[in-house]
Each structure stands twice: as structure tokens, then as C-alpha cells.
Amino acid sequence: MQPRNTHLNSSALRGAVDLAAVKAAGEAAQKAEQARAERARQASAAEAAGVAAPSAGYQLVIDVTEDTFEEEVVQRSTEVPVVVDFWAEWCGPCKQLSPILERLAEEYAGRIVLAKIDVDQNQLIAQQFGIQSIPAVMAVVAGQLVPLFQGAENETNVRKVLDQLIAVAEQRFGIVGGAEPSADGAGTELPGLPEDPALAAAHEALDRGDLGGAVQAYQNVLADQPGNVEAQLGLAQAELLRRVQELDPQAVRTAAAADAKDVKAQLDAADLDLVGGHVEDAFGRLVDTVGRTAGADRDTARLRLLELFGVIGPDDPRVIAARSALARVLF
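Rules used throughout
Residues numbered from 1 in each chain as written. Predicted model: local features only at pLDDT ≥ 70, side-chain atom pairs only at ≥ 80, totals over all residues. Heavy atoms only, no water. Phe/Tyr/Trp six-rings, centres within 6.5 Å; stacked < 30°, edge-to-face > 60°. Helix = DSSP H or I, 4+ residues; strand = E, 2+ residues; numbered from the N terminus. Buried < 20%, exposed > 50% of the residue type's maximum accessible area, 1.4 Å probe, protein only. Polar contact = N/O pair within 3.5 Å; in protein donor to acceptor, adjacent residues only side chain to side chain. Core = buried A, V, L, I, M, F, W, Y, C linked by side-chain atoms within 4.5 Å. Disulfide = S-S within 2.5 Å.

Summarise the packing of aromatic side chains; cite the residues concerned and give the values.
Any aromatic ring pair is given by two values, namely how distant the centres are and how the planes are angled relative to each other. Under the criterion given, the structure shown has one aromatic pair. Taking 5.0 Å as the distance between ring centres and 85 degrees as the angle between the ring planes, the aromatic pair formed by Phe 283 and Phe 309 counts as edge-to-face. Placement of the pair is Phe 283 in helix α12 (residues 279-292) and Phe 309 in helix α13 (residues 295-312), with a sequence separation of 26 residues. A relative accessible area of 3% means that Phe 283 is categorised as buried.

Here you go:
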């Protein structure tokens, strides 16, 4: 379906792409609340019985294997953000980064848990996470993957990334690690973190339609904080909006309908589909384009599809389904 008007803005895009994220966040917050309520129930029962209340029992730094990953990372992530450090004994940069992560995990006193995964001993997990080089650091929050950064970082940058992760976990998923529930089920509220001024400036530029300024501002944030997921998403949105800003929707759709092998027309139409909120249509169009083309044209369509995946987010079910469809036409 064609957008009703040709004026495209960031608010329209956010409305189109954030619905699944809001739904996922709501479900995750509900799971987190259920976990807190259960802990509160146990605490109340223990108090009534005159015994010590059960502890959340967090180990702040844990070694995780393929056998313990589900329990120690996925399940635990419903109560506290779990930072995953992929390392190996032979990796020099890992030996610089891991002590920083371990020290900060202790300092943050339960607001995060650090899960260490030796990639040599747990190759299947490394493959599933797409780890190509180490050190690599990701997080799992409410069962959802959050890429953080790759390569050795200094303590200042690592601290910034962890602060942002904690803020996102609380604001989007209602997860506050390290906050023991009271008998009435209310968690101890942690002080809010101020928004990064550079990131706020990028958001403001995007909201007022200054797409060039927004792209530059997000790039500036990522230059200092390569693992900033919010900036990565904002940059992908700004670049998409900048591409479609000068398009004539009617002309694009006419060209796309007239020639299924017109790769540029299909790419432009897919961009318009996504901005209009027709996410599955955008992905399906590009998967079909990849399937019917070859060589440079196929690669161009594939790369654009990957860019659009970045706008929506890797954990969205529509992205997961489209990745499977892409794999089928490629292989």
C-alpha cells in the first residue's frame, strides 16, 4: 500500500518500526515483574515463618558453558542484565579487557552479572552469536540479545556502555538488577541516569527533520562509543529517511511494478514500504529481488536488506523470518 502522503519524517518512521519493540518490551517487563513478585512472595513467606528470606543468589562473575547457558544467561536475564564476555586464553586483548569487566561487575554490585564464555571450549555458543573475533562483548536482557562492543576498550568507555545498558534494561524492560524486593513487592528504585547530551542532540536533529545533522551526530556518538545500540538504531533510521526524502513514491512504485529486475526501483520501493510501516512487504520485496538477480545486483539487494534489518533490530520476529527466507534463496 502506498503512503498517503509524500512528507516523510522521523516520527512516522518511529511509529512504523517501534511497535514490535514496544510489544517485546512489554512482555519482557511483565516477565521481570513476575520474577520480582515471586521473590517478594518468598520473602513474605520466610518472614511469616521466622526464617531468613531467600536471596537472589547472584554470582557477579560466572563462567558459562553450553550446558549452563540457558539457566545462567537466558533465565537470569529476566531479573538482571547479563553481560557476556567472549574470550580465550590465547587472546592478548582479552587479558586487558576481562579484568576491567570483572572489576566493574563487582563495583556495580548486582546491577549487572558478567558471564564469561571461553570460545575455544564453547564453540557452538560462539557460532550462534556470530562471534568472528575476540574479545567481543554482548548482553542479554529479558532474553533479548543486545550487542555492546568488539575489541578491547578502556575502562571509561566500558563504564559508559554499561551505564547505558542498565538504563535501557530499566526503562524498556522494567529490569533493575541488584534491587531486592520488599515484602509488598516493590523493588528498591535506583537513581535515573542522565541522557548522553550527544545522543540527545542526535535525537533532536532526527525529530526536527535535520537528517544530515542527525546522521553526523549519531556517527559522532558511535565514534566515541562504537557499541551504543541506541545510536546504531538512530543512525540506521536517519540514513533510511535521508534516502527516501527526495523520492517520488508514485514514480518509484510504477517503476518497481513495471520491472521486477529493476534493482534500484525495488530498493527504493522497499525503503518506502518500511517507512510506511509495511515491514514484511519491504523484506519480502528484497528477498525476492535477491532470488531473481545475480552478481553485483544480488549483492546490492542483499546489503540493502541487511541495512533494513538494522533499522528494525535483530530480535524482531520479522527480521528472524526474513533472515531465514534470505538464507533459502542464497543457498
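What follows picks up the thread again.
Talk me through the side chain of Arg 76; I want residue IDs and the actual numbers.
The residue Arg 76 is located in the loop between α3 (69-75) and β2 (82-87) in this model. For Arg 76, the side chain forms a polar contact with the side chain of Glu 72, separated by 2.9 Å.

Account for the nonpolar core, naming residues and giving values.
Judged by nonpolar contacts, the single largest core of 45 residues is most densely connected at Tyr 218, Leu 274, Phe 283 and Leu 308. Every element with two or more residues in this core is listed here: α7 (197-207), α8 (211-224), α9 (229-244), α10 (249-258), α11 (263-275), α12, α13 and α14 (317-330). Looking at which element gives the most residues to this core, the answer is α11, with eight residues. Phe 69, Trp 87, Val 119 and Ala 136 belong to the second-largest nonpolar core, a separate cluster that totals 24 residues.

Before we move on, could you go through the state of the cysteines and cite the residues and values that matter?
Enumeration over the complete set of coordinates arrives at one disulfide. A sulfur-sulfur distance of 2.3 Å marks the disulfide that ties Cys 91 to Cys 94. An S-S torsion of about 80 degrees defines the bridge between Cys 91 and Cys 94 as right-handed. Here the two residues Cys 91 and Cys 94 agree in accessibility, since each one is buried.

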